[in-house]
Amino acid sequence: MSAKKTKNATDNIEIRGARQHNLKNISINLPKDQLIIISGVSGSGKSSLAFDTLFAEGQRRYIESLSSYARQFLGKLQKPEVDEILGICPAIAIEQKTTTNNPRSTIGTSTEIYDYLKLLFARIGKTISPVSGKEVKRHQISDVVDFIMQQNKDEVVIISANYKRANDSNVLSVLRQQGFSRVIHQGKIAKIKDLLKDETTVLANNLQVVIDRIMIDHSDIEGRIADSVQTAFFEGDGECSIQIKEKTHHFSNKFELDGMQFEKPSTHLFAFNNPYGACKRCEGFGSILGIDDKKVITNKNLSVYQGVVNCWSGEKLSKWKDRFIIRAAKFEFPVHRPYHELTDEEQNILWHGKDKCKGIYQFFQRLESEKYKIQNRVLIARYRGKTNCDECGGSRLRKDALYVEVASKNIAEIIKMSIAEALVFFKKIKLNNVESKIADRLIQEISSRLHYLNEVGLSYLTLDRKSNTLSGGESQRINLATSIGSSLVGAMYILDEPSIGLHSEDTERLIKILKELRDIGNTVIVVE
C-alpha cells in the first residue's frame, strides 16, 4: 500500500479537499509531464484551482525551503484552503499582466537576448571610424614583427620612434646616456655624437630616435625585432615608425584612427543600464523632456507658407515664419511644398536652420533665453513633451558604442529590427573562421530565443520595445518564450488563457510551443 502511494505521488500531483474560493472540497489527480487544460464557465473555480491553490502552495513550499535569513525578506505566504497536495513540482505562473513598470526594461533585456548581443559585440565587434569608414585596429608587437619579416631578403629596415618627452636643450645628451646612438634629424639619419660635436640645436618635438637598423636575412632575428619594436612603442608613447626604401609605415598600439580616440569594446560599453555605456544626455532612457515635434507640426500636409509650424502663428510670432521664408530663398528652400514631401536635408534646415536662416530650434532657444517673460514660459510648456534623445537618437547608448559593428550593423540597428527581421539576419550572418569559433554559441542562443518569440506570434515586435507598453497577452507570451528558451526541466507551468485574442494560425503555433515545453519534461497547466 505504501509503495503504491509513493508511485502515485511520483507520477501524479494529488490534490485532496481543495476549498479555496468557489471550490467545494475538490479532490483530483493531475498527471505529471502532461499538457492539462482546465476549462469551465466563468466563476466555476478554474483560476482558484490553478493559481490560488496549486501555484500558491508550490510557491509557499519553495519559500519555506529557503533559509530563515532569506525568508525574512520575502514574507510569509498563507497556506491555501486544502487538506493536502502530494507530488507538487516547483511552480511558475505566467499570467496575462505586464510584469514590470521599469522604464529601462525592454523585450531584449527581459528575454536575455540583449545580454547575448552585448557579449557578441564585445567579442567580435569591429570599431569603424565615422570619419574614414576604416576599421580601427590596435597594433600588437607581433603585427609589426610579421610586417617586417614579410619584407624581401637583404632589405634594410629602420625602426624609429617620435621622441615624446618634454622639450629639453640637453635632449641629445639624455638619449646618448640611455644608449641610443642615432636620430633622424631634418629627414636624415645622424649620429648623436656628431650633432653634439657640431653643437646643433635640436628640438625634442621634431626628433625621431633610431631604435634599430636591421637587414632582413630570414635568420633567427624575430626576437631582436620584437625587443626593438617594444622599445619603440615605449619611447614613442604607443607609436613607432618602420622605414623601408625611404617609405615610412606608422604603427600604433593605441585604439585610435583619424585623430579620434575610441573605446575598446566591452560588455559595459553596450549596457544602457550602466553609467559607463549609457548616453550622458538621456541617462539610458532614450527619451528626454524637450520640444515635441508632433505638437509643433500637427498637419504634415501643409507647407511652411501655409503655416505648418504651429508656434509661428499670431501677429508677433509669424515674423519668424516671414524671416525664414525670405532667408531660405538663398538655399532654394521649397516653402510651398507640403512638409511630408520635404527631403531629410530640407527638414533639417527647417528645424535647425542654416547660416542666418533661423529654424524652429533657434526659435525655442530664444524663448528659453527670455524665460523671465511669463508668456514665453507658457509657450514653451505648450510644446514640451517626451521626445527621442537628440544625442543618441533613442538608442540609449553613448556614441562610441554605435561605432562598433558586426556584419555591418551596429547594436542599435539590430534592436530596432522586428523579431522576424532579426531572426533572418542571424540566420544569414556571415563570419570568418576565427569569429565563428568565438560567436557560434552566442548566435545559437540569440537565434533560439528569437525563434521562440516568433513562434508565439510576436514577430512584429522590436527588441527595443519597452516592457511596460506591452499588452497582458504579449507579456505572457514573452514570458512563455523565455521559459522555453531557458530549458528548465521538472517544473509546473500554469498559464492564464494564453490563446485569447490570437489568430487561429497563431493559436496552432502556441499549442506547438506548449507541447515542446511539455516534451522537455515539464507539467503544463492551461486555464481556458
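Scroll up for the structure.
What counts, and where the lines are drawn
- Residues numbered from 1 in each chain as written.
- Predicted model: local features only at pLDDT ≥ 70, side-chain atom pairs only at ≥ 80, totals over all residues.
- Heavy atoms only, no water.
- Helix = DSSP H or I, 4+ residues; strand = E, 2+ residues; numbered from the N terminus.
- Rg over C-alpha atoms; globule rule 2.2 N^0.38 Å.
- Buried < 20%, exposed > 50% of the residue type's maximum accessible area, 1.4 Å probe, protein only.
- Contact = heavy atoms within 4.5 Å.
- Areas by Shrake-Rupley, 256 points an atom, 1.4 Å probe, with all protein chains shown as cover.
- Lys, Arg positive; Asp, Glu negative; His and termini not counted.
- Charge placed at Lys NZ, Arg CZ, Asp CG, Glu CD.
- Patch = residues over 30% accessible without salt bridge, like charges linked within 9 Å, V, L, I, M, F, W, Y side chains within 5 Å.
- Salt bridge = Lys/Arg side-chain N within 4 Å of Asp/Glu carboxyl O.
- Pairing = 2+ DSSP bridges.

Caption draft 1: Region of interest: the overall build of the chain. A count of helices and strands for the chain gives 20 helices and 20 strands. A compact globule built from 528 residues would reach a C-alpha radius of gyration of about 24 Å, whereas the chain, at 34 Å, exceeds it by more than 25%. In terms of overall dimensions, the chain has C-alpha extents of about 110 × 80 × 45 Å along its principal axes. Per-residue burial for the chain yields a buried fraction of 43% across its 528 residues. Contacts in the chain between residues far apart in sequence, at least 24 positions, make up 71% of those at least 6 positions apart. Counting only carbon and sulfur atoms, one obtains 47% of the accessible surface of the chain, whose full area is about 29200 Å². The positive charge centre, built from 76 side chains, and the negative charge centre, built from 66, are 4 Å apart in the chain.

Caption draft 2: Expanded view of unusual backbone geometry. Of note in the backbone geometry, Glu112 takes a positive phi value of approximately 70° without being a glycine. Among the structural elements, Glu112 can be located in the loop between helix H4 (107-110) and helix H5 (113-124). Residue classification places Glu112 among the partly exposed residues on the basis of a relative accessible area of 37%. The residue Arg396 is not glycine, and still its phi comes out positive at about 75°. The residue Arg396 is located in the loop between strand E16 (384-388) and helix H15 (399-402) in this model.

Caption draft 3: Focus on a positive patch on the surface. Residues Lys316, Lys319, Arg323, Arg327, Lys330, Lys354, Lys356, Lys358 and Arg366 make up a contiguous surface patch of positive charge. By residue number, the principal contributor to the positive patch is helix H11 (residues 318-328), which donates three residues. Along the polypeptide, Arg323 turns up in helix H11.

Caption draft 4: A look at the pairing of strand E10 (residues 208-215). Here E10 lies mainly inside the structure; six of its eight residues are buried. Note that strand E7 (residues 156-162) and E10 share seven bridges and pair antiparallel. Across the sheet, residue Ile159 finds its bridge partner in E10, namely Asp212. Judged from the two bridges that link them, strand E8 (residues 182-185) and E10 form a sheet pairing that is antiparallel. By the bridge assignment, Ile184 is partnered in E10 with Gln208.

By themselves, these are just geometric observations and shouldn't be taken as functional.
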